[in-house]
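Here are the chains, one letter per residue:
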Amino acid sequence: MANCPICKKNPKHPDYRPFCSERCSDVDLQRWLGGAYVLPGEPADDLPQDDRED
C-alpha cells in the first residue's frame, strides 16, 4: 500500500485513500483550488473560438 502523498504516513482509513486522513485530503483539495497543481496544456486565451453567432 502506498503512503499518503501529503504527509507520507501509511493510510489507515479507507474512506480517505490515497490520503491518510480528512486533513490531508483537504490539503490536497486546497492545493488544486489554489492553483498549486497545474495540468499541462495550451493557455485558455490561445484556444480557437467557435464560429457560432449568438
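A brief report on the enclosed structure follows. (Residues numbered from 1 in each chain as written. Predicted model: local features only at pLDDT ≥ 70, side-chain atom pairs only at ≥ 80, totals over all residues. Heavy atoms only, no water.)

1. Let's talk about the nonpolar core
Core analysis: the biggest nonpolar cluster contains 5 residues, these being Cys 4, Ile 6, Phe 19, Cys 20 and Cys 24. Each residue touching Cys 4, except ones within four places of it in the same chain, is listed here: Lys 9, Pro 11, Pro 18, Phe 19, Cys 20 and Cys 24. (Core = buried A, V, L, I, M, F, W, Y, C linked by side-chain atoms within 4.5 Å. Buried < 20%, exposed > 50% of the residue type's maximum accessible area, 1.4 Å probe, protein only. Contact = heavy atoms within 4.5 Å.)

2. A word on unusual backbone geometry
Residue Pro 18 follows Arg 17 across a cis peptide bond; omega there is 10°. Looking at where Pro 18 falls in the secondary structure, it is placed in the segment before helix H1 (22–34). One non-glycine residue, Lys 8, lies in positive phi territory at about 70°. By the secondary structure assignment, Lys 8 is in the segment before H1. Taking the relative accessible area as the measure of exposure, Lys 8 reaches 54% and is therefore exposed. (Helix = DSSP H or I, 4+ residues; strand = E, 2+ residues; numbered from the N terminus.)

3. Topic: the environment of Arg 23
For Arg 23, the position within the fold is in helix H1. Once the C-alpha coordinates of Arg 23 and Ile 6 are considered, the two residues, 17 residues apart in sequence, prove to be 9.6 Å apart.

4. Describing the packing of aromatic side chains
The full count for this structure, using the stated rule, is 1 aromatic pair. When the centroid spacing of 5.0 Å and the interplanar angle of 65° are considered together, the rings of Trp 32 and Tyr 37 count as edge-to-face. The exposure class assigned to Tyr 37 is partly exposed, which follows from its relative accessible area of 28%. (Phe/Tyr/Trp six-rings, centres within 6.5 Å; stacked < 30°, edge-to-face > 60°.)

5. Details of the environment of Asn 10
Relative to the helices and strands, Asn 10 resides in the segment before H1. On the basis of relative accessibility, which here comes to 44%, the residue Asn 10 falls in the partly exposed class. A sequence separation of 11 residues divides Asn 10 from Ser 21, and the C-alpha atoms of the two residues are 9.9 Å apart.

6. Considerations on the state of the cysteines
Going through the model one piece at a time under the given rule, you end up with 0 disulfides. A disulfide-free cysteine, Cys 4 has its sulfur positioned 3.8 Å from the sulfur of Cys 24, the nearest such atom. Between Cys 24, a free cysteine, and Cys 7, which holds the nearest cysteine sulfur, the sulfur-to-sulfur gap is 3.7 Å. For Cys 24, a relative accessible area of 2% corresponds to the buried category. (Disulfide = S-S within 2.5 Å.)

None of this, on its own, says anything about what the molecule does.
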